[in-house]
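Listed below, chain by chain, are the residues.
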Amino acid sequence: MESDSQIPLDPKEQTFSHIPVLSREVIEGLMIRPGGRYLDVTVGGGGHSRLILEAALDVQVTAIDQDEDALAAAQKYLAEYGGSINEAVASAPGKEARVQFILSNFATYEFPSETFDGIIADLGVSSYHLDTPDRGFSFRHAASLDMRMDRRQSLTAAEVINSWDEAELADIFFKYGEERLSRRIARRIVEKRPLHTTVDLAEAIASSVPPKYRHGRIHPATRVFQALRIVVNDELKALETLLDKAPKALVPGGRIAIISFHSLEDRLVKHSLRNSPLLQVVTKKPIIAQEEEIARNPRSRSAKLRIAQRS
């Protein structure tokens, strides 16, 4: 689970972070080869894509993200490699460009058959999303209850919190946040609504739980915010679609590397890679961050990397 207890940054200075998690392990695991084609389905600020481009000569990358801010940041960060943003299906970048940027959710992306030597998916929420107040992902700042990765969609966290019935809320908090006090929290939210800001919601949650729970290792709203984010962005269904489609886009011998950040994602990744008729699992156990990386980037603590190869 990604923590929401980091020290807040100045909102005016927010940019997409370029610190890729498990970077050495990803590059080694993908076995980047000269002239290879790679797909980054969660380009974010461009951290993993840059490492792939730097790992071998004449590498080409197709970089996808559903967030316009992320894609613009990645294009700027990878400007030396060229490439423009479009919503088209993958094609080889132009002669000069080594990157093609595509605005798309990876669940709706048209994966071309047997095209890529490697695919990377980093399922974590970026520091940018957590540290930018108006995106509504964090309760460290008072902001509207948004939580949309793709701001072209209509469903927001505010609609879920203020319109869904108590039983539905309790169900999603338990299912997607693994929150054992889900019923109690849902009851308090319904009593207090309408709730307009992230802080309003966090306070309602905190007031519904026992003091011991309220002052535990993580804030009592953390699991509920995770559940809301998953529901608003339909994250687990999108991940299921990715795991079904992506293996077919690999060339024989190509590899897929997936970084997850909570047990719901990791369980899906583990079983899907193992059960795919096209893949052979390379990592029997997930690769996790070493202490040195955790000290440098605390959000890497919960990262788990699994890799499989197309047979």
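In the block above lies the structure referred to throughout.
Residues numbered from 1 in each chain as written. Predicted model: local features only at pLDDT ≥ 70, side-chain atom pairs only at ≥ 80, totals over all residues. Heavy atoms only, no water.

### As for the overall build of the protein chain
Then comes step 1: Across its full length, the protein chain carries 13 helices and 9 strands.
Then comes step 2: By residue count, 55% of the 311 residues in the protein chain fall in the buried class.
Then comes step 3: Counting only contacts in the protein chain whose residues sit at least 6 apart along the sequence, the fraction spanning at least 24 positions is 69%.
Then comes step 4: Carbon and sulfur atoms make up 50% of the accessible area of the protein chain, which amounts to about 14,300 Å² in all. (Helix = DSSP H or I, 4+ residues; strand = E, 2+ residues; numbered from the N terminus. Buried < 20%, exposed > 50% of the residue type's maximum accessible area, 1.4 Å probe, protein only. Contact = heavy atoms within 4.5 Å. Areas by Shrake-Rupley, 256 points an atom, 1.4 Å probe, with all protein chains shown as cover.)

### As for the pairing of strand 4 (residues 99-103)
Then comes step 1: Across the 5 residues that make up strand 4, a large majority, 5, are buried.
Then comes step 2: Judged by which residues are buried, strand 4 turns out to be covered on both faces: V99, F101 and L103 on one side and Q100 and I102 on the other are all buried.
Then comes step 3: Pairing geometry for strand 2 (residues 60-65) and strand 4, over 5 bridges, is parallel. Across the sheet, residue T62 finds its bridge partner in strand 4, namely Q100. (Pairing = 2+ DSSP bridges.)

### Some thoughts on helix 12 (residues 263-275)
Note: α-helices contain 3.6 residues per turn, so residues at a spacing of three or four share the same orientation.
Then comes step 1: Between its first and last C-alpha, helix 12 extends 18 Å over 13 residues, near the 18 Å set by a 1.5 Å rise per residue.
Then comes step 2: Within helix 12 the residues assigned to the buried category are L264, E265, D266, L268, V269 and L273.
Then comes step 3: Packed against the buried residues of helix 12 are helix 6 (166-177), helix 10 (222-232), helix 11 (235-245), strand 6 (250-260), strand 7 (279-281) and strand 9 (304-310). (Expected span 1.5 Å × (residues − 1).)

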